[in-house]
Amino acid sequence: MSECKSIEEVRENINRIDREMVELISQRSRYVEQAAKFKKTTQDVKAPSRVEEVISKVRGIAVEHDLDPDIVEKIYRMMISCFIDYEMKIHKR
């Protein structure tokens, strides 16, 4: 990461990162779709122990990258909640 010389440069980099993040979320979504095929019950979809496992993992990754783990946890809890809702729709089909 380089030091930006203007707010425009900061915004360009943020825009680039946003694009990359959306692409990665899209990839994650496709794996969620596949996971839904293997789950038989609503409890399998909600999988609270798996949620906590993921949260613990990403908090550790945040620390490794000198990022406040609370920020990452909040983002992931929201994302996981959205994906659970999405997976529930798939599961009901």
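Note: the structure precedes this text.
Counting restarts for each chain, with residues numbered from 1 along the sequence as it is written. The predicted nature of this model means local features are confined to residues of pLDDT at least 70 and side-chain atom pairs, given and counted, to a pLDDT of 80 or more, with totals for whole chains, interfaces and linings taken over all residues. By convention in this description, side-chain values take in all heavy atoms of the structure and omit both hydrogens and water.

S.K.: It is not clear to me how the packing of helix H3 (residues 48-64) against helix H4 (residues 69-92) should be interpreted in this structure. Could you clarify?
M.R.: Geometrically, a packed helix pair is captured by the angle between its two axes and the distance between the axes. As a packed pair, H3 and H4 sit with axes 9 Å apart at the nearest point and diverge in direction by 145°. The crossing of H3 and H4 is right-handed. Packed against H3, whose contacting residues are Val-51, Glu-52, Val-54, Ile-55, Val-58, Arg-59, Ala-62 and Val-63, the element H4 presents Pro-69, Asp-70, Val-72, Glu-73, Tyr-76, Arg-77, Ile-80 and Ile-84 at the interface. Partitioning the contact of H3 with H4 into residue classes produces 11 nonpolar, no polar and five charged. Each axis is a line fitted through C-alpha atoms, and for a helix only the stretch in contact is used; angles between axes span 0 to 180 degrees, taken between their N-to-C directions. Helical segments are the DSSP runs of H or I of at least four residues, strand segments are the runs of E of at least two, and each set is numbered from the N terminus. When the near helix sits turned anticlockwise from the far one by under a right angle, the crossing is termed left-handed; a clockwise turn instead gives a right-handed crossing. Contacts between residues were defined by any pair of non-hydrogen atoms, one from each residue, lying within 4.5 Å. Note on residue categories: nonpolar means Ala, Val, Leu, Ile, Met, Phe, Trp, Tyr, Cys or Pro, charged means Asp, Glu, Lys or Arg, and polar means any other residue, Gly included.

S.K.: Looking at this model, I keep getting lost on the side chain of Glu-87. Mind explaining?
M.R.: Note on placement: Glu-87 falls in helix H4. Engagement of the side chain of Glu-87 in a polar contact is seen with the side chain of Lys-39, the distance being 2.9 Å. The contacts of Glu-87, once residues within four sequence positions are left out, are Val-32, Ala-35, Ala-36, Lys-39 and Val-45. Two N or O atoms form a polar contact when they lie within 3.5 Å of each other; inside protein one atom must be a possible hydrogen donor and the other a possible acceptor, and for residues adjacent in sequence the pair counts only when both atoms belong to side chains.

S.K.: I would appreciate a short explanation of the pattern of salt bridges in the present structure.
M.R.: Opposite charge on two side chains permits pairing when their charged atoms draw close. We define a salt bridge as a side-chain nitrogen of Lys or Arg found within 4 Å of a carboxyl oxygen belonging to Asp or Glu. Applying the stated criterion to the full structure yields seven salt bridges. Here Asp-70 makes a salt bridge to Arg-59, at a shortest N to O gap of 2.9 Å. Taken together, the positions of Asp-70 in helix H4 and Arg-59 in helix H3 put the pair 11 residues apart, joining distant regions of the chain. Per-residue accessibility, obtained with a 1.4 Å probe over protein chains only, is compared with the maximum for each type, and a residue is labelled buried under 20%, exposed over 50%, and partly exposed between these values. By relative accessible area, Asp-70 is classed as partly exposed at 40%. Looking at Arg-59, the relative accessible area reads 25%, which means it is partly exposed. Two residues, Arg-77 and Glu-73, come together in a salt bridge whose shortest N-O distance is 2.9 Å. Here Arg-77 pairs with Glu-73, and both are found in helix H4, just four residues apart, close to one helical turn. A single network of salt bridges, built from pairs that share partners, joins Glu-52, Arg-59, Asp-70, Glu-73 and Arg-77.

S.K.: Just to check I follow, could you spell out helix H1 (residues 7-38) for this structure?
M.R.: Every α-helical turn comprises 3.6 residues, leaving residues that sit three or four positions apart pointing alike. Expected helix span is taken as 1.5 Å per residue step, with the number of steps being one fewer than the number of residues. Compared with the 46 Å implied by 1.5 Å per residue over 32 residues, the 47 Å span of H1 between its first and last C-alpha is a close match. For H1, the elements touching its buried residues are H4.

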